[in-house]
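Summary of the model geometry
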Amino acid sequence: MLQDSGDAGENTEFTAPRDPVGVTASAVKPAIDFESPRYRDMIGRSLLNKGNNVRLKRAIEKAKNGEPVVIAYIGGSITHGAGAVPIHLQSYAYRSYESFKFMFALSKDSSIHLIKAGVGGTPSELGIVRYDRDVLRGGAVQPDIVIIEFAVNDADDETQGKCYESLVLKALTADNKPAVILLFSVFENDWNLQDRLAPVGWHYDLPMVSVKDAVVDQFNKTKGEGNVISKKQFFHDIYHPTNIGHRIMADCLEYLFDVTNRSEWDEKDHHIEKAPLIGNEFVNVKLLDRKNGNHIARIDAGSFCKTDTDLQMAEMDAHDYGTPQFPNNWMRTGEGKEDKSSFRISLQCKRLILIFKDSGNDEFGTAHIKVDGVFVQKVDPRQVNWTHCHATLLLNEEHVGEHSIEIEMAEGHEHKCFTILGFGYVD
């Protein structure tokens with residue numbers, strides 16, 4: 001049964017959430033009947049695949065037995081909670097985490113822990129680099145459930161799904177065998193990348209939840225034809241859900257939890273030892289930044305000798321404060337007019353992802369990148385025009401070799417700023 005979020009273990013009376021413009025959900029006309037058969041049918045359509053249930057049932061049983069359970073979420077701005085007010089308490093991630101506690105924990109004091117690692121405007125190409133740091137917390141955390149949400153962020157993924165499948169496998173092949181759930185959110189124009197990404201879930205028989213399958217078909221219907229919620233009610237803007245939209249996403253995940261709980265155990269765990277569907281080349285990617293870089297590579301920072309503190313912020317876990325993304329960076333301020341020296345790094349690797357800072361500040365300029373002495377691309381931090389993390393693929397080879405990377409300011413941009421946030425490398 002779908003439950004309203006509240007204190008775990010207490011069946012409290014539901015108070016209508018407030019949407020981003022400050023009116024209660026009940027004031028949005030027409031009102032939504034969250035207990036109606038039509039609403040429940042809509043939520044039921046979100047279950048794209050029940051998947052192999054062994055790992056999710058194991059996590060549920062741990063919660064029922066009072067054992068610690070960690071639920072982790074990784075994705076873009078929707079996982080971050082964009083559109084939800086307050087962002088740390090009304091995001092789908094927090095609400096579904098609360099639902100899991102309500103449904104299965106022995107008491108509200110049970111050790112059910114939340115890891116929320118959503119960063120706005122970022123694809124799985126960056127998620128795979130962040131996973132060890134932001135989800136596993138450097139090896140200190142072993143999540144029992146991992147929910148992956150990049151269905152509306154991966155349009156510009158240069159690897160065309162290889163980083164996504166690598167991220168799925170990175171989670172799925174962990175020693176503690178967590179349950180991995182694929183979540184497909186949707187934009188206001190009814191678009192997502194489910195057609196590209198869901199086959200990865202079918203390939204490994206993963207539980208999959210599609211918000212698109214739940215809501216899109218009914219958007220264009222009248223109430224008489226089966227409409228439950230309008231786009232205006234579901235979307236805060238063209239990308240992100242309102243509080244009601246986040247609640248619907250959480251209810252979709254709760255439906256999976258409920259169906260899994262009521263199902264008989266599958267006989268065997270996932271069959272993972274099979275050829276990848278798209279590619280697994282980035283499973284072993286690691287983060288290199290200013291904190292550990294000199295232990296991994298030979299680095300001459302040149303004029304990129306400062307540290308940028310004006311960074312993208314994200315409210316992680318259940319925090320109401322922002323955490324700066326990639327604080328261990330290399331920044332060129334452009335202040336030293338006589339110093340135009342480039343950033344140089346040499347390391348043993350076969351794949352390399354550059355992470356740099358996008359900015360809306362006109363003090364930032366374009367940089368040129370050379371790999372092994374050959375110009376490969378220019379990167380413009382003003383192209384997106386807002387402060388956030390940008391990942392771009394520099395190197396993708398079959399075998400490990402010694403490679404040198406040079407980053408220098410483009411002609412006419414010698415006195416501009418540029419921030420290298422870090423690198424993701426596979427050795």
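Above: the structure in question.
Heads up: these notes are all about the structure in this document. Position numbers for residues count from 1 along each chain, tracking the sequence in the order it is written. Selection of residues for local features in this predicted model requires a pLDDT of at least 70, selection of side-chain atom pairs for listing and counting requires 80 or more, and totals for whole chains, interfaces and linings are taken over all residues. Note that the side-chain values use all heavy atoms of the structure and ignore hydrogens as well as water.

1. A few points about the overall build of the protein
Each helix corresponds to a stretch of at least 4 residues labelled H or I by DSSP, and each strand to a stretch of at least 2 residues labelled E; elements are numbered beginning at the N terminus. Broken down by element type, the protein carries twelve helices and 16 strands. Taken against the 2.2 N^0.38 rule, which gives 22 Å for 427 residues, the C-alpha radius of gyration of the protein at 22 Å falls within 12% of a compact globule. Counting only C-alpha atoms, the protein reaches 70 × 50 × 40 Å along its principal axes. Buried, partly exposed and exposed residues are distinguished by accessible area as a fraction of the type maximum, computed with a 1.4 Å probe on protein chains only: under 20%, between the cut-offs, and over 50%, respectively. Residues classed as buried in the protein amount to 57% of the 427 residues present. In this description, accessible areas are obtained by the Shrake-Rupley approach with a 1.4 Å probe, and a residue is regarded as covered only by the protein chains that are shown. Accessible surface computed for the protein: about 17500 Å², of which carbon and sulfur atoms make up 47%. If the 47 positive side-chain charges of the protein are averaged to one point and the 63 negative ones to another, these points end up 1 Å apart. The globule rule used for comparison is 2.2 Å times the number of residues to the exponent 0.38, while the radius of gyration itself is calculated over C-alpha atoms. Charged-residue counts in this description rest on Lys and Arg as positive and Asp and Glu as negative, His and the chain ends being excluded. For this purpose, a charge sits on NZ of Lys, CZ of Arg, CG of Asp or CD of Glu.

2. Quick notes on the layout of surface pockets
As defined here, a cavity is a set of points on a 1 Å grid over the protein atoms alone where a 1.4 Å probe fits but cannot get out. A pocket is an open set with protein on both sides within 12 Å along at least five of seven lines, and residues line them when an atom is within 4 Å of a point. Grid points are joined across faces, edges and corners, and a volume is the space filled by probe spheres set on the points. Here the largest pocket is characterised by a volume of approximately 720 Å³. Contributing to the lining of the largest pocket are 30 residues, with Gly121, Thr122, Asn153, Asp156 and His388 lying nearest its centre. Looking at the lining of the largest pocket, the elements with two or more residues in it are α3 (77-80), β14 (374-379) and β15 (388-409). The leading source of residues in the lining of the largest pocket is β15, at five residues. Taken as a whole, the second largest pocket holds about 290 Å³ of empty space. Along its surface, the second largest pocket is lined by 16 residues, and Arg133, Asp134, Thr323, Pro327 and Asn328 are the ones closest to its centre. Sorting the residues of the lining of the second largest pocket by element identifies α6 (124-135) and β10 (323-324) as the ones contributing at least two each.

3. Quick word on helix α5 (residues 92-104)
Between the first and last C-alpha of α5 there are 18 Å, a value that for 13 residues agrees with the 18 Å anticipated at 1.5 Å per step. The buried fraction of α5 amounts to twelve of the 13 residues, a majority that puts the element mostly inside the structure. Every buried residue of α5 is listed here: Tyr92, Ala93, Tyr94, Arg95, Ser96, Tyr97, Glu98, Ser99, Phe100, Lys101, Phe102 and Phe104. Residue count minus one, scaled by 1.5 Å, sets the expected span of a helix.

4. Regarding the environment of Val228
Tracing the backbone shows Val228 in the loop between α9 (211-219) and α10 (231-234). Linking Val228 and Gly76, residues 152 residues apart in sequence, is a C-alpha distance of 26 Å. Contacts are assigned to residue pairs with any non-hydrogen atoms lying within 4.5 Å of each other. Ignoring anything within four residues of it in the chain, the contact list for Val228 reads Ile32, Arg38, Tyr39, Met42, Gln218 and Lys223.

5. Looking at the sheet that holds strand β4 (residues 145-149)
Adjacent strands of a sheet form backbone hydrogen bonds with each other and so pair up, either parallel or antiparallel. Strand pairing requires that DSSP identify at least two bridges connecting the strands. Across the sheet, which stays open at both edges, the six strands sit in the order β1-β6-β5-β4-β2-β3 with mixed pairing between neighbours. Each edge of the open sheet is held by one strand with a lone partner, namely β1 (47-49) and β3 (112-118). Taking each pair of neighbouring strands and ignoring which way they run, the sheet shows an average axis angle of 20°. In this sheet, strand β6 (residues 208-210) lies alongside strand β5 (residues 179-184) in parallel orientation, the contact comprising three bridges. Paired with Phe184 across the two strands is Ser210, which belongs to β6. The sheet strands contacting helix α11 (residues 243-262) are β1, β2 (69-75), β4, β5 and β6, and the helix crosses β5 at an angle near 145°. To get an axis, fit a line to the C-alpha atoms, keeping to the stretch in contact for a helix; angles then go from 0 to 180 degrees between the N-to-C directions.

6. Quick look at the pairing of strand β16 (residues 418-426)
Of all the nine residues making up β16, nine are buried; the element is thus mostly covered by neighbouring parts of the structure. Here strand β7 (residues 286-288) runs beside β16; their pairing, made up of three bridges, is antiparallel. What sits directly across from Leu288, in β16, is Phe423. By the bridge criterion, three bridges tie strand β11 (residues 330-332) to β16 in an arrangement that is antiparallel. By the bridge assignment, Arg332 is partnered in β16 with Phe418. Looking at chain direction, strand β12 (residues 343-358) and β16 are connected through six bridges and run antiparallel. Residue pairing for β16: Ile353 is matched across the bridge by Gly424.

7. Focus: helix α1 (residues 37-44)
One turn of an α-helix holds 3.6 residues; hence residues three or four places apart share an orientation. Among the residues of α1, Tyr39, Met42 and Ile43 are the ones counted as buried. Angularly, the buried residues of α1 cover 100° about the axis, an arc narrow enough to put them on a single face. Where α1 is buried, its residues meet β1, α9 and α11. Our arc is simply the arc of the directions from the helix axis toward the C-beta atoms.

8. Here we look at the packing of aromatic side chains
Two rings from Phe, Tyr or Trp (for Trp, the six-membered ring) form a pair when their centres sit within 6.5 Å of each other. Planes less than 30 degrees apart are called stacked, planes more than 60 degrees apart edge-to-face, and all others tilted. Scanning the entire structure with this criterion turns up 16 aromatic pairs. Here Phe356 and Phe418 contribute two aromatic rings whose centre-to-centre distance is 5.7 Å and whose plane-to-plane angle is 20°, an arrangement assigned as stacked. Placement of the pair is Phe356 in strand β12 and Phe418 in strand β16, with a sequence separation of 62 residues. Given the relative accessible area of 0%, Phe418 is considered buried. Aromatic rings pair up to connect Phe304, Trp330, Phe343, Phe356, Phe418 and Phe423 into one cluster. The rule for a charge over a ring is simple: NZ of Lys or CZ of Arg within 6 Å of the ring centre, and within 35 degrees of the ring normal. Just above the ring of Phe326 sits the side chain of Arg133; from NZ or CZ to the centre is 4.3 Å. Over the ring of Phe34 we find Arg247, and its NZ or CZ is 3.7 Å from the ring centre.

9. Observations concerning the nonpolar core
Here, nonpolar core means buried Ala, Val, Leu, Ile, Met, Phe, Trp, Tyr and Cys residues that are tied together by side-chain atoms lying within 4.5 Å of each other. Ile148, Tyr164 and Leu182 are the most contacted members of the largest nonpolar core, which has 50 residues in total. At seven residues, helix α7 (residues 162-172) tops the list of elements feeding residues into this core. In this structure Ile148 touches Ile74, Tyr164, Leu167, Val168, Val180, Ile181, Leu182 and Leu183, once residues within four positions along its chain are discounted. If you look at the next biggest cluster of nonpolar residues, it comprises 49 residues, including Ala63, Tyr92, Phe100 and Val215.

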